[in-house]
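Chains, contacts and geometry: an overview
Spelled out from the first residue to the last, the chains are:
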Amino acid sequence: MIRKRRKRRKVRSPKRRRPARSAVRVPQGYPVGHEAGYQQGMRAGYDSFGTFFEGTSIIIPSFNQVDYLKQCIESIGEHTDLSYEIIVVDNASKDGTSKYLRSTGNLVRYRILETNRGFAGATNIGMMMAKGKTMLLLNNDTIVTERWLANMLQCLNSDPKIGMVGPVTNFISGDQRISVPYTRIEDMHGFAESFNVPDPAKWQRTDRLTGFCLLFRRELWERTGFLDEGYAVGNFEDDDYNIRVRLQGYSLVIARDTFIHHYGSVSMNALGEQLTEVNDRNMQFYMDKWGNPHELVHRVKEMVRVRAGGGEPELQQMGETAFFPQGIAARGVGETLFWIEGGLRRPIMGMLSLPVARLSLVDLRRWPLGEAISAEEAEARWHGRGDQPASVSGLIAPGPDGFVYVLENGMRRRVASQTAMQAWGLHSKPLAALSAEQIAAMAEGLPIIAPVRVAAHL
């Protein structure tokens, strides 16, 4: 039945009078219910903090090149059957990347930065956002392939001593590059599908993995921490992370049964003439920080071997803090200063006139919190006037090999570089009144390396 529309009668309001607005009635219990719901949400948020899902956080730093980013994200959706999340951290792109990310809905978790923080800075934010029990760093100019993640996870989970895994590709420096038969991207997936057949016999230990695609467990990140943002823009931060992981006794493995496509340094090549300057500056930063890092890694391996089983578990329990000095002052994000000694971080009460090292919260929280210490007592310990003998008070001494050593618990610990010396303020430490022969007679402890440089909020 068709209903006829009634002709509505036009009603004129009196002049100079507005129609009365009906008041919105709020149920009497609404404020109480709203507050209860808010508090419930807050509790749920607190309860879920620190809980992680059985899957992989795929972290993609981005700077312009939105078309490559789209291809990368689409390929993840097409070729990843396992549980994952995608996190994109954009370095203030000007090419519509932010608009694209906002259009992805629930497909991508993202953060759009106001300034370019470089590869390390963007990746660090992504790692802080990650909720997966495994984490994967991925360049935005890559296209992933069939079984890519499953193959790498199989490799990573085959041995707890494996720290990081990377695939092979068509365009990269080092041992991960292979020759490919295709010339068009349309033919790439056919090649990759036949190539990516799981085969543990093809897994290869290596001394270096490049950062275009790196897979590791969350526990490794908690023990190693953030990328070093001292490497401005990009390059060498992955080499730095390799050394820090290897120092803890972990292996690096190339999964040669896994191929993904890499267009190759798209964002870096966009720097043009600045690329050489950036690369040279970061290479110098790397050399100043590490000197001869591979000799340092082998030196630590030999220490672990001599200690007959006591070293590796200790390293993997303490993480990178095993390579930090004792008897120093440090701070994290807040204003609180901590005295680091005896495996504890103790809040310092009062005004301190000592050098203070800046650490990330990931690093700082590896030390359990101890009782507070006065600034006067901290300064006395710094200068070797505390209630402990000078041999364990953190004094420094030149060694017969030209390196500077910190004395701790009757052992000598070599300071890896001048960068480490300055970062910890060790150049201000008093010299121990010991001869070179006395220093050489001490047992050697783990070397002291520089902490990473990170943004203030990390």
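So, here's what we can say about the structure. Given the structure is predicted, the values throughout are model-derived calculations rather than measurements.

The helix and strand inventory of the protein stands at 16 helices and 19 strands. Burial status across the protein gives 49% buried among its 458 residues. Accessible area of the protein: about 23,800 Å², with a carbon and sulfur share of 52%.

This part covers the environment of Arg366. Locating Arg366 in the fold gives a position in the loop between helix 13 (361-364) and strand 15 (373-374). Judged by its relative accessible area of 19%, Arg366 is buried. A C-alpha to C-alpha distance of 8.0 Å links Arg366 and Gly319, two positions 47 residues apart in sequence. When neighbours within four sequence positions are excluded, Arg366 is seen to be in contact with Trp221, Glu222, Arg223, Thr224, Gly225, Met318, Glu320 and Thr321. At 2.8 Å, the side chain of Arg366 and the backbone oxygen of Glu222 are in polar contact.

The gaps of empty space that remain are located by a probe, the size of a water molecule, rolled over the atoms. A full pass over the atoms with the stated rule returns 1 cavity of 30 Å³ or more. Of the voids in this model, the largest cavity is the one considered here, and its volume is about 30 Å³. Contributing to the lining of the largest cavity are Phe119, Leu137, Leu214, Leu227, Glu237, Asp238 and Tyr241. A total of 3 residues in the lining of the largest cavity trace back to one element, the largest contributor, which is helix 8 (residues 237-247). Its residues assigned to classes, the lining of the largest cavity comprises 5 nonpolar, no polar and 2 charged.

By size, the foremost hydrophobic cluster in this structure holds 45 residues, and its most contacted members are Leu247, Trp290, Trp339, Ile348, Leu352, Trp424 and Ile449. Breaking this core down by element, the ones donating at least two residues are helix 8, helix 10 (274-290), helix 11 (293-306), strand 11 (328-331), strand 12 (337-341), helix 14 (375-382) and helix 15 (418-423). Looking at which element gives the most residues to this core, the answer is helix 11, with 5 residues. When near neighbours in sequence (up to four residues on either side) are disregarded, Ile449 contacts Leu247, Trp290, Leu296, Glu320, Phe323, Phe324, Ala416, Ala420 and Trp424. In this structure, Tyr182, Leu214, Leu227 and Tyr241 belong to the second largest nonpolar core, which totals 37 residues.

Following the criterion strictly, the structure yields 12 aromatic pairs and no others. Ring geometry for Phe191 versus Phe195: centroids 5.5 Å apart, planes at 40 degrees, classification tilted. Taken together, the residues Phe191 and Phe195, both in helix 6 (residues 188-195) and 4 residues apart, mark about one turn of the helix. Judged on exposure class, the residue Phe191 and its partner Phe195 are both buried. Among the aromatic residues, ring-to-ring pairing joins Tyr182, Phe191, Phe195 and Phe259 into one connected group. Across from the ring centre of Tyr405, 5.1 Å away, lies the NZ or CZ of Arg412, which sits over that ring.

A word on the sheet that holds strand 11. Pairing in this open sheet of 5 strands is mixed, and the strands run 14-11-12-13-15 from one edge to the other. Only two strands of the sheet have a single neighbouring strand rather than two, namely strand 14 (356-358) and strand 15. For strand 13 (residues 344-349) and strand 15, the ladder comprises 2 bridges, and the chain directions are parallel. Residue Met349 lies in a different strand from strand 15, and its bridge partner there is Ser374.

Once that is clear, we can look at the sheet that holds strand 9 (residues 251-259). Spatially, 8 strands are ordered 3-2-1-4-8-6-9-7 in an open sheet, and the strand pairing comes out mixed. Strands at the two margins of the open sheet, each flanked by one partner only, are strand 3 (109-112) and strand 7 (203-206). The sheet shows a mean angle of 25 degrees between the axes of neighbouring strands, direction not considered. Bridge count for strand 1 (residues 53-62) against strand 4 (residues 132-138) is 5 bridges, and the pairing is parallel. Residue pairing for strand 4: Ile59 is matched across the bridge by Leu137. Strands in contact with helix 6 are strand 6 (162-168) and strand 9; relative to strand 9, the strand with the most contacts, it is inclined by about 120 degrees.

A few words on the pairing of strand 1. Taking burial as the measure, the 10 residues of strand 1 include 8 buried ones, the bulk of the element. Handedness of the strand 1-helix 2 (residues 66-79)-strand 2 (residues 84-90) crossover: right-handed.

Moving on to the packing of helix 8 against helix 11. At a minimum axis distance of 9 Å, the contact between helix 8 and helix 11 shows a crossing angle of 10 degrees. As judged from the angle between their axes, helix 8 and helix 11 are roughly parallel. Considering how the two elements wind past one another, helix 8 and helix 11 form a crossing that is left-handed. Contacts between helix 8 and helix 11 pair Ile243, Arg246 and Leu247 from the former with Pro293, His294, Leu296, Val297, His298 and Val300 from the latter. Grouping the amino acids of the contact of helix 8 with helix 11 by side-chain chemistry returns 6 nonpolar, 2 polar and 1 charged.

With that settled, consider the pattern of salt bridges. Considering all chains together, one arrives at 21 salt bridges under this definition. The salt bridge involving Arg281 is made with Glu277; its shortest N-O contact spans 3.8 Å. Note that Arg281 and Glu277 are positioned in helix 10 at a spacing of 4 residues, about one turn of the helix. The closest approach of N and O atoms between Glu408 and Arg413, which form a salt bridge, is 3.0 Å. Residues Glu408 and Arg413 agree in their burial class; the two are buried. In the salt-bridge network here, residues are joined through shared partners; they are Asp228, Asp240, Arg244, Lys289 and Glu320.

The rules behind the values
Residue numbers restart at each chain and count upward from 1, following the sequence in its written direction. Totals for whole chains, interfaces and linings use all residues, but because this is a predicted model, local features are given only for residues with pLDDT of at least 70 and pairs of side-chain atoms are given and counted only at 80 or more. Side-chain numbers come from the whole structure's heavy atoms, not from hydrogens or water. The helix and strand labels rest on DSSP assignments: H or I over at least four residues marks a helix, E over at least two residues marks a strand, and numbering proceeds from the N terminus. Under the scheme applied here, a residue whose accessible area is under 20% of the maximum for its type counts as buried, over 50% as exposed, and between as partly exposed, the area being computed with a 1.4 Å probe on protein chains only. Every accessible area reported is derived by Shrake-Rupley at a probe size of 1.4 Å, with residue values counting cover from the shown protein chains alone. Pairs of residues are marked as contacts when any of their non-hydrogen atoms sit within 4.5 Å. Under the rule applied, a polar contact is a pair of N or O atoms within 3.5 Å (in protein, one hydrogen donor and one hydrogen acceptor; residues adjacent in sequence only if both atoms are side-chain atoms). Here the term cavity refers to a set of points on a 1 Å grid, laid over the protein atoms alone, in which a 1.4 Å probe fits but cannot get out; the term pocket refers to an open set having protein on both sides within 12 Å along at least five of seven lines, with lining residues being those that place an atom within 4 Å of a point. Grid points are joined across faces, edges and corners, and a volume is the space filled by probe spheres set on the points. Each residue gets one label: Ala, Val, Leu, Ile, Met, Phe, Trp, Tyr, Cys and Pro are nonpolar, Asp, Glu, Lys and Arg are charged, and the others, such as Gly, are polar. Buried Ala, Val, Leu, Ile, Met, Phe, Trp, Tyr and Cys residues that are joined via side-chain atoms within 4.5 Å together make up what is termed a nonpolar core. Pairing of aromatic side chains requires ring centres within 6.5 Å, counting the rings of Phe and Tyr and the six-membered ring of Trp. Pairs whose planes differ by under 30 degrees are stacked, by over 60 edge-to-face, and all others tilted. Criterion for a charge above a ring: Lys NZ or Arg CZ within 6 Å of the ring centre, and within 35 degrees of the ring normal. The pairing criterion is simple: DSSP has to find at least two bridges between the two strands. The axes used here are C-alpha line fits, helices contributing only the stretch in contact, and every angle between their N-to-C directions lies in the interval 0 to 180 degrees. Seen with its strands pointing away from the viewer, a crossover is right-handed when the path leading from the first strand over the helix to the second is clockwise. Any angle that falls under 35 degrees is termed roughly parallel, while one over 145 is termed roughly antiparallel, one within 65 to 115 roughly perpendicular, and all others oblique. Crossing handedness: left-handed means the near helix sits turned counterclockwise from the far one by under a right angle, and right-handed means the same turn made clockwise. What makes a salt bridge here is a side-chain nitrogen of Lys or Arg within 4 Å of a carboxyl oxygen of Asp or Glu, nothing more.

Just geometry here; none of it tells us what the structure is for.
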